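# Inside the fold
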Amino acid sequence: MPKEVVVGSGAGIILFMLFLGINVLPLILFGLLAVALFIMFEGQLRDGIKGIGTKTKTINHVTFDDVGGQDTAINEFKEALEFLLKPVEIVEMGIRPLKGILLVGPPGTGKTLLAKAAASYTKSAFVAASGSEFIEMYAGVGAKRVRQLFSEARKKAKREGKNGAIVFIDELEILGAKRGSHQSHMEYDQTLNQLLVEMDGISNDEETRLLVVGATNRADMLDPAILRPGRLDRQVAVNLPDKKGRVKILMIHTQNKPLADDVCLEDIAKATFGFSGAQIESLANEAAILALRDGERKIAHRYFVEAIDKVILGEKLDRRPSDEEIKRVGIHEAGHAVVSELVRPGSVSSLTIVPRGQALGFMRKNTPEHDQYLYTLQELEGQIMVALGGAIAEDIYYGARSTGARNDFEQAWNLAKEIIKSGMSSLGVIAVSEVPNDLAFKECTEILKNVEENASALLNDNRDLLDAVSSRLLEEETLDRQRFLETLQSA
Ligand code: ATP
């Protein structure tokens, strides 16, 4: 009911009672008391339920168990959160406080969820805002909002009787983009400067320990000042989940739903390659809606299958490769990994065919025990073999390559140039600037041709390893070192 109607009718009733000669003083006092109580409670309610914004948000006790498929991110995150959990030890050891953590990953992978879980884990208050909310046409507004956000975090922690608060800023790239890169850059720059000032103000002595958690899927756009030591200097990658992760997320989002006996979460996970956590949540929800529409009391497997299409078509999954492409990526990555392990045993850390950033697949190398600054000819040639391993594996299976090896070739070409520059090619000792371009080009192609022949022979001789690794990778989507070794041994 509109306020005006209530006030108008109230005044009308009082006038009518006065007209009848009734004493209205107690009624007026009672009314005033009721209004005061209403204002107090409405304020608290609004604080409690308003969503993301410079207003605060209740977090319904999300824990790390509610986040699926992000085990590595959770472990790295927890490690960083120890700083909030051990304030006394930190001061005793003279460690400067950890002020910020940056979560980097595609949309819908659970960054907000992780930040909320971090607040529960560290028993901190939680306030959240999105980068776009700080940006206004008017100078100074953004900076003021940043100040308000930090002050609200401190107040909220006090109100809830907590020692710490987590300030979560989503879409950080909008607020924290490189200075001078926006058209109306004065306002953007002031806002970012204010954030840096607030972060610099966080100290060990404060009553409320603050931690800023930023989230972005474009870490490359951020101003270097924000990533400097003492600011958001810890980065945690939050990637798309692999099959095992998707099963876990499906379990989380179906636990409150009545599933029919024929539902196989493994199969659903298999069919949802490239889905983010948010898309899996939406899938589970859609399946339930479809079942309800058919008047069913339980959700059968076919509803999940139908919902997959709905999510794919409805949301237009960007960059979802076809099954054939996924297979090619698996073979390509297996090629890199097998060559790498044969050329330098112990060099493969993990491999995956789950898209990450711009890459459709990825092989992560083990960091060598010691930093290496000098390379021998054999080592450089080994690195070229690894770079070419992906394309060669594609050749072996399909008799043709794809555009997926473009970056590998560039890397191989640069390594070949390094061989020439270091006087290790057939040109002997040379000064690069004096070598005619066509001669350097010819030498590069010659080096690459020879190394390619060696890599091809190596992979063909170890075809059993390539078969085993590629099929296990396609089956499981991600292989850590342990699983990769088991696969090699079983081949
Ligand atoms: P954005 O970058 O778009 O802000 P985000 O990475 O912060 O996205 P969330 O907001 O955390 O993603 O996820 C949205 C919803 O999707 C969550 O509330 C949850 O229901 C579901 N979800 C996303 N990721 C996961 C996950 N890893 N485990 C379980 N649920 C998830």
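No experiment lies behind these values; they were computed from the predicted model shown. (Residues numbered from 1 in each chain as written. Predicted model: local features only at pLDDT ≥ 70, side-chain atom pairs only at ≥ 80, totals over all residues. Heavy atoms only, no water.)

## Examining the pattern of salt bridges
Test applied: By salt bridge we mean one thing: a side-chain nitrogen of Lys or Arg within 4 Å of a carboxyl oxygen of Asp or Glu. The buried label goes to any residue with under 20% of its type's maximum accessible area, the exposed label to any with over 50%, and the partly exposed label to all in between, with areas taken from a 1.4 Å probe on protein chains only. Each helix is a run of DSSP H or I of at least 4 residues and each strand a run of E of at least 2, with the numbering of both proceeding from the N terminus.
Inspection of every chain in the model, using the stated rule, returns 19 salt bridges. Residues Arg 302 and Glu 296 are paired through a salt bridge, measuring 3.9 Å at the closest nitrogen-oxygen approach. Look at Glu 296 and you get partly exposed, because its relative accessible area is 37%. A salt bridge links Asp 467 to Arg 463; its shortest N-O distance comes to 3.1 Å. Of this pair, Asp 467 and Arg 463 both sit in helix α18 (residues 463–476), four residues apart, roughly one helical turn. With relative accessibility at 30%, the residue Asp 467 sits in the partly exposed group.

## A closer look at the packing of helix α15 (residues 377–398) against α18
The condition is simple: All axes here are fitted lines through C-alpha atoms, helices being fitted over the stretch that makes contact, and every angle between N-to-C directions spans 0 to 180 degrees. Should an angle fall under 35 degrees it is called roughly parallel, over 145 degrees roughly antiparallel, and 65 to 115 degrees roughly perpendicular, with every other angle called oblique. Between two residues, a contact is recorded if the distance between any of their heavy atoms is within 4.5 Å. Polar here means any residue other than Ala, Val, Leu, Ile, Met, Phe, Trp, Tyr, Cys and Pro, which are nonpolar, and Asp, Glu, Lys and Arg, which are charged; Gly is therefore polar.
Viewed as axis vectors pointing N to C, α15 and α18 meet at an angle of 95 degrees, and their least axial separation amounts to 12 Å. As judged from the angle between their axes, α15 and α18 are roughly perpendicular. Facing α15, whose interface residues are Ala 393, Ile 396 and Tyr 397, α18 presents Arg 463, Leu 466, Asp 467 and Ser 470. Residues of the contact of α15 with α18, tallied by class, amount to four nonpolar, one polar and two charged.

## A short note on a nonpolar patch on the surface
Stated precisely, the cut-off is as follows: Residues enter patches when they are more than 30% accessible in relative terms and free of salt bridges; like-charged ones are connected within 9 Å and nonpolar ones (Val, Leu, Ile, Met, Phe, Trp, Tyr) within 5 Å. In these tables, accessible area is a Shrake-Rupley quantity obtained with a 1.4 Å probe, and a residue counts as shielded only by the protein chains included in the view.
Taken together, Phe 16, Phe 19, Leu 20 and Ile 22 make up a surface patch of nonpolar side chains, about 470 Å² in accessible area. As for its position among the elements, Phe 19 is in helix α1 (residues 3–20). What makes Phe 19 exposed here is its relative accessible area of 70%.

## As for the confidence of the model for the protein
Basically, it comes down to this: Per residue, pLDDT measures the predictor's confidence, with a range of 0 to 100.
Of the residues in the protein, 87% reach a pLDDT of 70 or more, and the chain-wide mean stands at 85. Contacts of residues 41–59 to residues separated by more than four positions or lying in other chains number 37 contacts, the stretch itself having pLDDT below 50.

## Re the nonpolar core
A general feature of soluble globular proteins is that nonpolar side chains tend to end up buried together. Formally: Residue types Ala, Val, Leu, Ile, Met, Phe, Trp, Tyr and Cys, when buried and joined through side-chain atoms within 4.5 Å, form a set referred to as a nonpolar core.
Leu 351, Ile 384, Ile 447, Leu 459, Leu 466, Val 469 and Phe 484 are the most contacted members of the largest nonpolar core, which totals 39 residues. If you list the elements that add at least two residues to this core, you get α14 (323–343), β6 (348–352), α15, α16 (406–421), α17 (437–461), α18 and α19 (481–490). If near-sequence neighbours (up to four positions away) are discounted, Leu 351 is found in contact with Glu 333, Ala 334, Ala 337, Phe 362, Met 363, Val 469, Leu 473, Glu 477, Thr 478, Leu 479 and Phe 484. Judged by nonpolar contacts, the second largest core, of 28 residues, contains Val 127, Ile 135, Ala 225 and Ile 226.

## Points about the packing of aromatic side chains
For clarity, the cut-off: Aromatic rings from Phe, Tyr and Trp, with only the six-membered ring used for Trp, were paired whenever their centres fell within 6.5 Å, and each pair was classed as stacked if the ring planes differed by under 30 degrees, edge-to-face if by over 60, and tilted otherwise.
According to the stated counting rule, one finds four aromatic pairs in the structure shown. Considering the side-chain rings of Phe 64 and Tyr 121, the 5.4 Å spacing of their centres and the 65 degrees angle between planes classify their relative orientation as edge-to-face. Residue Phe 64 is located in the loop between α2 (25–49) and α3 (71–85), and its partner Tyr 121 is located in helix α5 (residues 111–121); the two are separated by 57 residues in the primary sequence. Judged by its relative accessible area of 30%, Tyr 121 is partly exposed. Measuring from ring centre to ring centre gives 5.3 Å for Trp 413 and Phe 441, while their planes differ by 55 degrees; the resulting arrangement is tilted. Of the two residues, Trp 413 is situated in helix α16 and Phe 441 in helix α17; the sequence distance between them amounts to 28 residues.

## Side note on the sheet that holds strand β1 (residues 100–104)
Selection criterion: Criterion used throughout: strands pair if DSSP finds at least two bridges between them.
In space, the five strands of this open sheet follow the order β2-β3-β4-β1-β5, with parallel pairing throughout. The open sheet has two edge strands, β2 (125–130) and β5 (234–237), and neither has a second partner. When the angles between neighbouring strand axes are averaged without regard to direction, this sheet yields 20 degrees. Pairing of β1 with β5 involves four bridges; the strand directions are parallel. Residue Ile 101 lies in a different strand from β5, and its bridge partner there is Arg 234. Strands in contact with helix α6 (residues 141–159) are β2, β3 (164–170) and β4 (209–216); relative to β2, the strand with the most contacts, it is inclined by about 160 degrees.

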